[in-house]
Structure formats: structure tokens, C-alpha cells
Amino acid sequence: MLAFTVKRLFGVIPVLLVVSLMIFALMQAAPGDPVSMLVSDEASAEDRERIAAAWGLDQPAPVQYANFVKNAATGDFGTSFRYREPVMDLVLARLPASIELALYATLLAIAVGIPLGVLAAARPNSVFDTIGSIGGFFGISMPNFWLGILMILIFAGYLNILPSGGREPWGLDLPRITGFLTLDAVLQGRWDALVHALRYLALPTIVLGTAMTGIIMQITRASMLENLGEDYVMTARAKGLSNRVVLWRHAFRNALVSVITIIGLEFGALISGAIIVETVFSWPGIGLLLIQGITFRDFPLITGLVLIYTTLFVLLNVFIDILYTIVDPRIRMR
Amino acid sequence: MTRMPTLRCLASAALLFGASPAALAAEEMTQQRIAVAITETLAGHNPYGDAVVLIGSLWCKVYGCLMRYDFETGRPIPFLAESMEAEDELNWIVRLRPDWVRSNGDPVLAEDVVHSIDRVRNDPESTSGFIVQPIDTAEVVDDLTVRITTHEPTATLADNLTLLQITSKRLYDEHGQSVYRSHPIGAGPYRLSELSIGSHMVLERVDDHPMVAPSNPQQIMYRIMAEPEARVTALANGEVQIAQGIPPQLIDRIEQLPNARTEFANSVEMMFLAMNPATAPWDVKEARQAVAHAINREGIVRALLGDRATLLDGPVGEGQFGFDPDFKSPYGYDPERARELLESVDLVGVEIDFYTPVGRYTADRQIAEAMVPMLEEAGFSVNLRTPEWATLWSNVQTGGVPFYYMGRGQMLDPSRALRQYFETGGSPRLEFSDPELDALLQAERAAFDPDERYGLMRQAIAKLTEEVPAHFLWLHQMAWGVAETVEYTPRQADRVDGWDIHIRTAP
């Protein structure tokens, strides 16, 4: 397993090189230049030249890319044009917020999507299955920004029981240990802070988790239906096992491989794809950072973030591959 | 048995999320604390590194600027300076207040002013070199006196210095570039308490500062909230007390709230249609005049802006330098005249590309879409172009965009803006050139007597309006949501100064 993991990790390097080249080329080809977005409305031509020189934007694109790769190899993704901070520092400061949100959204999706999928498969074409399927499609098709604003209006506006945005209340004063607010609150026994953190998490988690819930529900249902038609399920039933045992211990366990695959992929997508949710809820994560980077044509920030996303995604896939062997011992690494 | 704990958990969760009192978010707020929802992002700790006007004004509150605007008179007045006087056409003497100190007790010295001018000019992170562009040299006369020499007579220097934050030379020498993060110590009425890049900034009142009153909030959080619905909801449930940038469609919602109201302030950002005379057909004056006659500004303001805009007869409105209430633009809405003008130069049917930003200004795309049939009625054949803001803005700055809808802010004193857009060589944005207008603009910049300068500015505005390289449209009335617990009248220039905010005491 170690050899497999090491091999997979080395495989990340060419992927990162190709991705970085593509992103860099795309940013260079895109209209608009970062200097225009950095300077004041009143900037003179001299201001523009000075700033272009200060950020190396007056150099040819291949030189800029070579410098970027050289520095990135040492973990230095450069300094953000807009925020004048090292990209890595900006990302590390915000990554826990994005991961925490994605984790809770995933947990919500698993907690709701899997039972619904299993139960829908257990009673195919029943009213429950039909309602579940419609609900699943509803979750998948609901636009995040619309659902987010709707939730804000209902829960923060009319009912006024949850905050409209942000990650924590002003003056929470919770020292950071891991960067995950809920975990930090538990570690320090700050239950008041835990309640606050959960309240701020609630709406973005529901919005982000809704689509994933629909997907997990659909995949679980389809995978379960496939497995429920297999011979071993018939054998289990013939042995007189209860429907619950057949469903959860036999069919579900075998259906889990494809469910885990989709959970892994979706979790990666949640970390990288929470841009809209983070914007709507002013959630201080890397999705919001990316949209700000794109708005300001902040090349180092965009390239650095995309590379970090890519790395996370690949690592997640390696982790899922390892998880397969735990779920299904028949799968062996080669 | 096993179901009871589950039910208990559910009940606890319901209590956790649902049983909080109505104004949940107000829990963080006290009588002395307020939060302001803003739309722009915070770039970082370097006060010279943020091009956003509102953020620059926040840094003025922390460090103190040399001058500030008195919005009642529309003129710059001393802030950290005690006085600013012209010795002659090129030299200014700035005297600092002897009694205002930084929050660590350090005095504000002349060397700090010289240092700050140098940082704006030479700091690689500085985005605001234009502030000190007219300055040739700055020298220390004594501890509290600076002599500033300009390249050319610049009567508007005080206006530039309203944007110049005065940072400490001593602290910079000790800590280098990291000083802005490690020692953000200024002589302004608020001190920096917390800054989260791209998220929020917390300022804390300096209680013994001469510019603050006990009713000013002790702490102000400026919180970035990009989504207008979220800003309004946050205002409604007490999470924020002031919300910037309320779009017209949400004004009614605020006015129905029991705990908030809407306040309006004329923007100082002129909205205009720029017609680049270096490109056809805008090299023909009649074509530009036809555009000015073709646009039904009153109709657009009524239908799309809810009457929340002030029509312009020239580049400035009330409260801005050079405004003349008696001056009327010669280009009223007259579609027939517009067509006659186009016919007179044989340009009926001429194809034009019309560029507009999307989402940058209030109802920008809808406004541009409404203008298309008006222009077509006059005889233009219009292609509406809606590039993303970064693309359009970059192209406008580097020149070559023929015809576009745009705004220009920072125009309390319009001198710099008029030079930038309309003086020969001012910038590539418009490529307009008129020797007579150049002479008038140069003369007004060099006129130290305010009355003489006002007269010259009026002449320049009349000439500019008549030549119509741009058709001046309106100033938006910017809507702000303000909680009933707060006394606040928004200012013209996107500033939310702590000394302007007063917490209302309960009756």
C-alpha cells in the first residue's frame, strides 16, 4: 500500500505542471489586465508602469511562468497582487473555513442522502421512491445562489433565528488551535462558541449540502437496486435473513464502493466549488478568495489556488482508493 | 428506549437553532458597537495599497490625513495639519497641529509628512501615486512645518492631501514594510483593532481624541457583504446598523422595516456617455450632439432608477466645486433634433459599438439597454457590448473604446477628473483635445483665488459641455440602510466616518 501511495503522490507532479501551465496560459489569454484592477481610478500612465514593474508584469509571459514554477517548487506560490500577502498564507488562513464547511455539508448529505437512497431502493416505484427521486432531482437542480438567498430571507430575515452570513459573531474571542471553529470550541470546552459556530454554519451547510444530498441519494438508490438484483441477495433472503439485515449488511455494503467514490469526488468539488455559497454567505473561505482573485486578475492567487485545489483533489482520490480496501477487502492494490 | 435519546437530541438541536430570541444577531451589538456592511473588499494592512475610496477613508481615520473634506462647505479643511498656505505659486507651507499625537504618544512630525509622501510615491505596493503626482519636493522646515513644492502651480493640492495618510517615519525605520501590520499606530480618531483581509476590519475609538464625541460608536466593524439581499437582511435583524449600496429594488423593503430607514446621498460620481473623438463617427461633433439629444435621461431616471438620481447639466452637481445652478446644458431630450443632426452629416444608419459595464453601477445594463432604442430612433445602428468589468475597464484605461457608459468618482473637486478625461494628453481614456479647454483647465488649476478659480471652472464646464466629448447624465442618489438606533447622514463621497455616526440613546 505504501508503494502504491508513494507512486500516486509522485503522479501528482506532472498533473500540477500541466494544470499550472493551462491556468497561466488562460490567464494570459483572458482580456483585461491586473494593473488596471490594482490602480486607482485616477492613476496616471506612470502609476501603471510603476506597478507593472513592481509585480513583474512588464516581463514576457514565459519568464513570468518560469519564475512562478521555480518558486512554486519550493512551496512559494508568490505574492497576491491584490492582497500583498504570500498566496500560501492567504490560503492557509482560509482553508480551514472551506474544509469545515465542506465537511459539515458532506456529513449532512451522507446523513440524509444514504438512508433516503437505501429506502427508495428497498421500495422501488413506491410513493416513497417517487417522492425521494423528485426530492433528489430537486436538490441537484436547485441553483445555490437562489437557495442561499431564499434561506437568508426565511431564516435570517423573516424568522430571524440564524445569522445571515459570516463565520462567527463579532467578539467571539476563541483562540485558534486547528482553525476549525467547532473543533476548537470543543477542544477548549467553549460550548457557547460551539453553539455560535454551528449557528453560523447552519445555512451555508444546508445550501451546500443540498445538491450533494440529491446526488448521493440517487447514486445510492441506483447502486442498491443493482445489488438487490444480485444472486447473493437472493441467497441471503433464502436463508431467512431479515429485510433490514439484507439491505444494510449485504446489499448496502456492496453498494458502498460507488457511493464512496461519489462522496470523495463531491467532497473535493465542495471544497473547490463553494464559491457561490461562500460569496452569498460572506463565508471567509478559499472560494470567496478565488472569486476575488478572478475579479482582480490576481494571477498568483488564481494559479496558486487552482494548484492547491488540484493537489487536494488528487490527495482525496488517493485517500478514497485506500478506503476502498477497507470497505471491500476483495479490492487489492497492485 | 432507544428512541428517547434521539428525541432528546432533536429537541436540543431545535433549541440550539430555533429558540434564540428574535434579534439574534444583535446579541453582538451593544450601545457602543456598530457594524457597517460594505461592498468593497479590504486589500490589506498597507494604507497606501488600497485603491478603494472608502477603504482609503478608513485608513484616514486610523492614521489621520493631512486634510479632510468639510461636506458642509464642500472644501478641504485641515485634519492633522493646522494650516496649509501658499507661499507662492509653487510652494506651500503646511503646519502640523502641535497637540495631536499618535495613540502611542508619539507626536506627528514634519518628517512623517515627507516620509508619507515618499511612501505613496515609491512604495511598490502603493496604488495611489496620483495623490503626490503634482509634488516635486517636500522638505522639513522644522519639527512641525513642511514645505511642499509642486511641479506647476496647483491650486487643488489640498484636495489631493485629503487622501494622504500620515504614517510614522520612526516606526517605519524601525520595522520596515511590516510596520503596517505590526504597528498600525496613527493619530486619527480611531485605532485599528482587527483586520481580516477580504473579510472585515474593526476600528476602536480613541476616547481622548478631539474629533470624537461620547455618542460616536466605541467600536465599528466594517464587514464586507457582497450580496445586497444579505446586507438588507443583516440590517433587518440587527447584525449591521449601516448598510452601503442598497439597490433600488430593495429600498421599499427597508422602508417597511420597523427598525431601520433609508438615507440618501448624492454620489459625486458623474455618470456619462464617453464618445472618443479619435474614433469614427465620434470625430464628428454632430454625431456626439445627436447622442446627447437622443437620450431621454428623465425617462430613464424615472423608470429604472426610481427617481433616485440627479440630472447633470455638466460634469458636476450641487455640492461639487464648479457647480452653477444657473447653467443649463444645451442638449435636452429632442429625438427629432438628434436625427436632423445625424442627417446633416450624412450619418444616418452609421453602425456604432456601445459598451457598458454589467453590475458595476446601479442598473447599468438595463440603462444601456434602454438607451439602445433611443439611439436607434436618432438613426444610429447600435451593437450593445457587455464585456466583463475587468476587460472593459482595462480597455478604457489603455484607450480605444469608442463609446461607453461609465462613472467617474472622487469628484468633490472635479479638477483632476476633468484633466484626466478631457485635457489633451490627460489619459488615453477619451483622446479628446481642445486647446481652448486645455487653457481653461490649466488656468483653473493655477488660480489660487477661489472665486477666480470658480469662474474659470465654470467656463471650462460650459465649453466642455458644449463640445460634448461626453454626455453628462446624472449623479446617482446612493441609498444607505440605517438602523433606528443610529444617527447617521451619509456623505457624498462614499465615506463612513466614525465621527459622523452617533448612537441614539434610549428615551
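Given the structure is predicted, the values throughout are model-derived calculations rather than measurements.

1. With respect to helix α12 (residues 364–378) of chain B
Residues and elements named next belong to chain B. A rise of 1.5 Å per residue sets the reference length of α12, with its 15 residues, at 21 Å; its end C-alpha atoms lie 21 Å apart and thus fit the reference within 8%. Of all the positions in α12, only Asp-364, Ile-367, Ala-368, Met-371, Val-372, Met-374, Leu-375 and Ala-378 are classed as buried. Of the residues one or two after α12, Gly-379 is the one with positive phi, at around 120°.

2. So, the packing of helix α6 (residues 87–122) of chain A against helix α10 (residues 191–228) of chain A
Residue and element names in this part refer to chain A. α10 packs onto α6 with a crossing angle of 35° between their chain directions and a minimal axis gap of 5 Å. For the pair α6 and α10, the sense of crossing is right-handed. Classifying every residue of the contact of α6 with α10 by side-chain character gives 25 nonpolar, 7 polar and 2 charged.

3. Considering the pairing of strand β17 (residues 470–483) of chain B
Within a regular beta strand, the side chains point alternately toward one face of the sheet and then the other, so they alternate between its two faces. All names here are of chain B. Here β17 lies mainly inside the structure; 12 of its 14 residues are buried. Bridging between strand β11 (residues 242–243) and β17 involves 2 bridges; their strand directions are antiparallel. By the bridge assignment for β17, Ile-242 is matched with Val-482.

4. Quick notes on a nonpolar patch on the surface
Residue and element names in this part refer to chain A. On the surface, Phe-145, Trp-146, Leu-150, Ile-154, Tyr-158, Leu-159 and Ile-276 cluster together into a nonpolar patch covering about 710 Å² of accessible area. Element by element, the count of residues in the nonpolar patch is highest for helix α8 (residues 144–158), at 5 residues. Looking at the element boundaries, Phe-145 is found in helix α8.

5. Remarks on unusual backbone geometry
The linkage connecting Ala-280 of chain B with the following residue, Pro-281 of chain B, adopts the cis geometry, with an omega of 0°. The phi torsion at Asn-125 of chain A lies on the positive side, around 65°, for a residue other than glycine. Here Asn-125 of chain A shows up in the loop between α6 and α7 (127–141). Here Asn-125 of chain A falls in the exposed class, since its relative accessible area comes to 70%. At Val-468 of chain B, a position not held by glycine, the phi torsion is positive, near 50°. Looking at the element boundaries, Val-468 of chain B is found in the loop between α16 (450–467) and β17. Judged by relative accessible area, which is 1%, Val-468 of chain B ranks as buried.

6. Details of the UniProt feature "transmembrane region" (unreviewed entry) in chain A
UniProt marks residues 9–30, 101–122, 134–159, 197–217, 255–281 and 301–327 of chain A with the feature "transmembrane region" (unreviewed entry), using the numbering shown here. Taken end to end, residues 9–30 of chain A is 91% helix and 0% strand, and its first and last C-alpha atoms sit 32 Å apart.

7. Here we look at the interface of chain B and chain A
Across the boundary between the two partners, chain B contributes 66 residues, which contact 52 residues of chain A. Counting the surface lost from both chain B and chain A, the interface buries some 4,700 Å², and carbon and sulfur atoms represent 53% of this. Joining chain B to chain A, the criterion identifies 3 salt bridges. For the interface between chain B and chain A, the tally reads 16 residue pairs in polar contact (both at pLDDT 80 or more). If you list the elements that add at least two residues to the side of chain B that touches chain A, you get α1 (3–18), β1 (33–38), α3 (110–122), β10 (219–224), α7 (228–236), α13 (389–398), β16 (403–408) and α14 (415–422) of chain B. The element contributing the most residues to the side of chain B that touches chain A is α13 of chain B, with 7 residues. Along the lines of polarity and charge, the residues of the side of chain B that touches chain A split into 28 nonpolar, 21 polar and 17 charged.

8. Some details on the state of the cysteines
Residues and elements named next belong to chain B. Inspection of every chain in the model, using the stated rule, returns 1 disulfide over all chains. Sulfur-sulfur distance for the disulfide between Cys-60 and Cys-65 comes to 1.8 Å. In this structure the cystine formed by Cys-60 and Cys-65 twists about its S-S bond by roughly -65°; its chirality is therefore left-handed. Relative accessible area serves as the criterion here: at 8%, Cys-60 is assigned to the buried category. With relative accessibility at 0%, the residue Cys-65 sits in the buried group.

About the criteria used
Residues numbered from 1 in each chain as written. Chains lettered and ligands numbered in written order. Predicted model: local features only at pLDDT ≥ 70, side-chain atom pairs only at ≥ 80, totals over all residues. Heavy atoms only, no water. Helix = DSSP H or I, 4+ residues; strand = E, 2+ residues; numbered from the N terminus. Expected span 1.5 Å × (residues − 1). Buried < 20%, exposed > 50% of the residue type's maximum accessible area, 1.4 Å probe, protein only. Axes fitted to C-alpha atoms, helices over the stretch in contact; angles between N-to-C directions. Left-handed = near helix turned anticlockwise from the far one by under 90°. Nonpolar A, V, L, I, M, F, W, Y, C, P; charged D, E, K, R; others polar. Pairing = 2+ DSSP bridges. Patch = residues over 30% accessible without salt bridge, like charges linked within 9 Å, V, L, I, M, F, W, Y side chains within 5 Å. Areas by Shrake-Rupley, 256 points an atom, 1.4 Å probe, with all protein chains shown as cover. Salt bridge = Lys/Arg side-chain N within 4 Å of Asp/Glu carboxyl O. UniProt positions renumbered as here; feature names shortened; annotations may be inferred. Contact = heavy atoms within 4.5 Å. Buried area = accessible area lost by both parts, 1.4 Å probe. Polar contact = N/O pair within 3.5 Å; in protein donor to acceptor, adjacent residues only side chain to side chain. Disulfide = S-S within 2.5 Å.

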